[in-house]
Amino acid sequence: MATTNLSYYDKDTIPNAKNFRFGIVVSEWNPDITENLFLGAEQAFLENGVSKKNILRWDVPGSFELIFGCKKMIETQKLNAIIAIGNVIQGETKHFDFVCDAVTQGIKDLNIKYDIPVIFCVLTDNTKQQSIDRSGGKLGNKGIECAIAAIKMAALREF
(Lines give C-alpha, C1' and ligand atoms only; values in the text may rest on other atoms or scores of the structure.)
Protein backbone atom coordinates (compact mmCIF):
# COMPACT_ATOMS: atom_id res chain seq x y z
CA MET A 1 0.00 0.00 0.00
CA ALA A 2 1.34 3.41 -0.95
CA THR A 3 2.09 5.55 2.06
CA THR A 4 3.01 8.76 0.26
CA ASN A 5 1.44 10.88 -2.44
CA LEU A 6 2.61 9.43 -5.76
CA SER A 7 2.44 12.89 -7.35
CA TYR A 8 4.99 14.55 -5.06
CA TYR A 9 8.46 15.35 -6.30
CA ASP A 10 11.01 18.10 -5.74
CA LYS A 11 11.26 19.95 -9.06
CA ASP A 12 14.70 21.26 -8.08
CA THR A 13 16.10 17.72 -8.22
CA ILE A 14 14.81 16.88 -11.71
CA PRO A 15 17.30 16.95 -14.61
CA ASN A 16 16.67 19.29 -17.52
CA ALA A 17 14.37 17.38 -19.89
CA LYS A 18 13.80 19.93 -22.64
CA ASN A 19 15.90 18.04 -25.21
CA PHE A 20 14.53 14.59 -24.38
CA ARG A 21 11.94 12.65 -26.38
CA PHE A 22 9.64 10.22 -24.56
CA GLY A 23 7.34 7.43 -25.65
CA ILE A 24 4.25 6.36 -23.74
CA VAL A 25 2.49 3.09 -24.53
CA VAL A 26 -1.00 3.02 -23.02
CA SER A 27 -3.26 0.02 -22.47
CA GLU A 28 -6.86 0.54 -23.59
CA TRP A 29 -8.09 -1.85 -20.87
CA ASN A 30 -9.60 0.06 -17.91
CA PRO A 31 -9.34 3.35 -19.88
CA ASP A 32 -10.68 5.48 -17.02
CA ILE A 33 -7.55 4.49 -15.07
CA THR A 34 -4.97 4.37 -17.87
CA GLU A 35 -6.07 7.70 -19.34
CA ASN A 36 -5.62 9.38 -15.95
CA LEU A 37 -2.16 7.84 -15.65
CA PHE A 38 -1.29 9.11 -19.14
CA LEU A 39 -2.55 12.62 -18.32
CA GLY A 40 -0.46 12.65 -15.13
CA ALA A 41 2.66 11.58 -17.03
CA GLU A 42 2.05 14.09 -19.81
CA GLN A 43 1.49 16.89 -17.29
CA ALA A 44 4.73 16.07 -15.46
CA PHE A 45 6.69 16.00 -18.73
CA LEU A 46 5.28 19.36 -19.81
CA GLU A 47 5.95 20.92 -16.38
CA ASN A 48 9.57 19.79 -16.64
CA GLY A 49 10.33 21.32 -20.01
CA VAL A 50 9.43 18.52 -22.42
CA SER A 51 7.78 19.84 -25.57
CA LYS A 52 4.41 18.29 -26.45
CA LYS A 53 5.89 17.31 -29.86
CA ASN A 54 8.50 15.25 -27.99
CA ILE A 55 5.87 13.04 -26.32
CA LEU A 56 4.82 10.10 -28.51
CA ARG A 57 1.77 8.05 -27.50
CA TRP A 58 0.78 4.63 -28.82
CA ASP A 59 -2.26 2.68 -27.59
CA VAL A 60 -2.42 -1.11 -27.28
CA PRO A 61 -5.43 -3.32 -26.41
CA GLY A 62 -4.35 -4.48 -22.94
CA SER A 63 -1.51 -4.64 -20.44
CA PHE A 64 -0.12 -7.87 -21.91
CA GLU A 65 0.36 -6.05 -25.23
CA LEU A 66 2.44 -3.31 -23.59
CA ILE A 67 5.54 -5.43 -24.03
CA PHE A 68 5.27 -5.63 -27.83
CA GLY A 69 4.19 -1.99 -28.07
CA CYS A 70 7.25 -0.87 -26.11
CA LYS A 71 9.54 -3.18 -28.10
CA LYS A 72 8.23 -1.83 -31.41
CA MET A 73 8.55 1.74 -30.15
CA ILE A 74 12.18 1.10 -29.12
CA GLU A 75 12.97 -0.41 -32.52
CA THR A 76 11.30 2.26 -34.66
CA GLN A 77 11.55 5.55 -32.76
CA LYS A 78 14.44 7.63 -31.44
CA LEU A 79 13.56 8.08 -27.77
CA ASN A 80 15.28 8.71 -24.47
CA ALA A 81 12.84 6.63 -22.37
CA ILE A 82 9.43 4.94 -22.58
CA ILE A 83 6.63 4.55 -20.05
CA ALA A 84 4.38 1.48 -20.19
CA ILE A 85 0.97 2.40 -18.74
CA GLY A 86 -1.54 -0.28 -17.80
CA ASN A 87 -3.95 -1.47 -15.15
CA VAL A 88 -4.76 -5.00 -14.01
CA ILE A 89 -7.35 -5.51 -11.26
CA GLN A 90 -7.61 -8.76 -9.31
CA GLY A 91 -10.54 -10.90 -10.40
CA GLU A 92 -11.79 -14.36 -9.54
CA THR A 93 -9.28 -16.30 -11.69
CA LYS A 94 -5.52 -16.69 -11.94
CA HIS A 95 -5.53 -14.51 -15.08
CA PHE A 96 -4.43 -11.57 -12.89
CA ASP A 97 -1.32 -13.44 -11.75
CA PHE A 98 -0.36 -14.54 -15.25
CA VAL A 99 -0.79 -11.10 -16.82
CA CYS A 100 0.98 -9.26 -13.99
CA ASP A 101 3.92 -11.66 -14.04
CA ALA A 102 4.25 -11.63 -17.83
CA VAL A 103 4.12 -7.84 -18.07
CA THR A 104 6.59 -7.38 -15.23
CA GLN A 105 9.04 -9.88 -16.70
CA GLY A 106 8.54 -8.55 -20.24
CA ILE A 107 9.30 -4.97 -19.28
CA LYS A 108 12.28 -6.15 -17.24
CA ASP A 109 13.53 -8.03 -20.31
CA LEU A 110 13.23 -4.90 -22.47
CA ASN A 111 15.35 -3.00 -19.96
CA ILE A 112 18.01 -5.68 -20.15
CA LYS A 113 17.98 -6.12 -23.93
CA TYR A 114 17.82 -2.50 -25.08
CA ASP A 115 19.60 0.71 -24.15
CA ILE A 116 16.34 2.59 -23.61
CA PRO A 117 14.79 2.73 -20.13
CA VAL A 118 11.24 1.34 -20.02
CA ILE A 119 9.38 2.56 -16.95
CA PHE A 120 6.79 0.26 -15.35
CA CYS A 121 3.56 2.22 -14.82
CA VAL A 122 1.20 -0.72 -14.51
CA LEU A 123 -1.15 -0.60 -11.56
CA THR A 124 -1.76 -4.12 -10.24
CA ASP A 125 -4.41 -3.58 -7.61
CA ASN A 126 -6.82 -5.74 -5.69
CA THR A 127 -9.77 -3.42 -6.28
CA LYS A 128 -10.92 -0.74 -8.70
CA GLN A 129 -10.89 1.77 -5.83
CA GLN A 130 -7.18 1.15 -5.23
CA SER A 131 -6.56 1.90 -8.91
CA ILE A 132 -8.64 5.08 -8.72
CA ASP A 133 -6.71 6.17 -5.62
CA ARG A 134 -3.39 5.75 -7.50
CA SER A 135 -4.43 7.35 -10.80
CA GLY A 136 -5.30 10.81 -9.57
CA GLY A 137 -7.19 9.97 -6.39
CA LYS A 138 -6.27 10.33 -2.74
CA LEU A 139 -2.80 8.81 -3.22
CA GLY A 140 -1.88 10.98 -6.20
CA ASN A 141 -1.03 9.82 -9.69
CA LYS A 142 1.48 7.08 -10.48
CA GLY A 143 1.77 8.51 -13.99
CA ILE A 144 3.47 11.61 -12.56
CA GLU A 145 5.86 9.47 -10.53
CA CYS A 146 6.73 7.41 -13.62
CA ALA A 147 7.33 10.49 -15.80
CA ILE A 148 9.80 11.77 -13.21
CA ALA A 149 11.48 8.35 -13.18
CA ALA A 150 11.64 8.46 -17.00
CA ILE A 151 13.32 11.87 -16.94
CA LYS A 152 15.86 10.70 -14.36
CA MET A 153 16.60 7.50 -16.29
CA ALA A 154 16.91 9.39 -19.58
CA ALA A 155 19.49 11.65 -17.92
CA LEU A 156 21.32 8.63 -16.48
CA ARG A 157 21.41 7.06 -19.94
CA GLU A 158 23.30 10.10 -21.24
CA PHE A 159 26.33 9.33 -19.00
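Points about the packing of helix 2 (residues 66-76) against helix 3 (residues 95-113)
For any two helices packed against each other, the geometry comes down to the angle between their axes and how far apart the axes lie.
Thinking step 1. Taken N-terminus to C-terminus, the directions of helix 2 and helix 3 make an angle of 15 degrees; their axes are 9 Å apart at the nearest point. By the angle class used here, helix 2 and helix 3 are roughly parallel. Considering only the axes of helix 2 and helix 3, their crossing is right-handed. Residues Leu66, Ile67, Cys70, Lys71 and Ile74 of helix 2 lie in contact with helix 3, whose contacting residues are Ala102, Val103, Gly106, Ile107 and Leu110.
Thinking step 2. Partitioning the contact of helix 2 with helix 3 into residue classes produces eight nonpolar, one polar and one charged.

Quick word on the environment of Val103
Thinking step 1. Positionally, Val103 belongs in helix 3.
Thinking step 2. Beyond its immediate chain neighbours, meaning those up to four positions away, Val103 contacts Ser63, Phe64, Leu66, Ile67, Phe120 and Val122.

Notes on unusual backbone geometry
Thinking step 1. One non-glycine residue, Asn30, adopts positive backbone phi at about 55 degrees.
Thinking step 2. By secondary structure assignment, the location of Asn30 is in the loop between strand 1 (22-27) and helix 1 (31-47).

Thoughts on the pattern of salt bridges
Thinking step 1. Across all of its chains, the model carries 10 salt bridges by this definition.
Thinking step 2. The salt bridge partner of Asp59 is Arg57, with a shortest N-O separation of 2.8 Å.
Thinking step 3. Relative accessible area serves as the criterion here: at 42%, Asp59 is assigned to the partly exposed category.
Thinking step 4. You can call Arg57 partly exposed: its relative accessible area is 29%.
Thinking step 5. Between Arg134 and Asp125 there is a salt bridge, with its nearest N and O atoms 3.9 Å apart. Note on accessibility: Arg134 and Asp125 belong to one class, buried.
Thinking step 6. Through salt bridges that share partners, Glu35, Arg57 and Asp59 make up one connected network.

Considering helix 5 (residues 142-157)
Thinking step 1. Taking 1.5 Å per residue, 16 residues should reach 22 Å; helix 5 reaches 22 Å between its end C-alpha atoms and fits that length.
Thinking step 2. All of the buried residues along helix 5 are Gly143, Ile144, Cys146, Ala147, Ile148, Ala150, Ile151 and Ala154.
Thinking step 3. In this structure, the buried side of helix 5 is in contact with strand 1, helix 1, strand 3 (81-89), strand 4 (118-125) and strand 6 (140-141).
Thinking step 4. Measuring from the backbone nitrogen of Gly143 back to the side-chain oxygen at the start of helix 5 gives 2.7 Å, which picks out Asn141 as the cap.

A closer look at the nonpolar core
Thinking step 1. Judged by nonpolar contacts, the single largest core of 28 residues is most densely connected at Phe22, Ile24, Phe45, Ile83, Ile85, Ala150 and Ile151.
Thinking step 2. If you list the elements that add at least two residues to this core, you get strand 1, helix 1, strand 3, strand 4 and helix 5.
Thinking step 3. Looking at this core, the element that brings in the most residues is helix 5, giving seven residues.
Thinking step 4. Counting residues in each nonpolar core, the second largest holds 22 residues, with Val25, Leu66, Cys70 and Tyr114 among its members.

Rules of the game
- Residues numbered from 1 in each chain as written.
- Predicted model: local features only at pLDDT ≥ 70, side-chain atom pairs only at ≥ 80, totals over all residues.
- Heavy atoms only, no water.
- Axes fitted to C-alpha atoms, helices over the stretch in contact; angles between N-to-C directions.
- Helix = DSSP H or I, 4+ residues; strand = E, 2+ residues; numbered from the N terminus.
- Parallel < 35°, antiparallel > 145°, perpendicular 65-115°, else oblique.
- Left-handed = near helix turned anticlockwise from the far one by under 90°.
- Contact = heavy atoms within 4.5 Å.
- Nonpolar A, V, L, I, M, F, W, Y, C, P; charged D, E, K, R; others polar.
- Salt bridge = Lys/Arg side-chain N within 4 Å of Asp/Glu carboxyl O.
- Buried < 20%, exposed > 50% of the residue type's maximum accessible area, 1.4 Å probe, protein only.
- Expected span 1.5 Å × (residues − 1).
- Polar contact = N/O pair within 3.5 Å; in protein donor to acceptor, adjacent residues only side chain to side chain.
- Core = buried A, V, L, I, M, F, W, Y, C linked by side-chain atoms within 4.5 Å.

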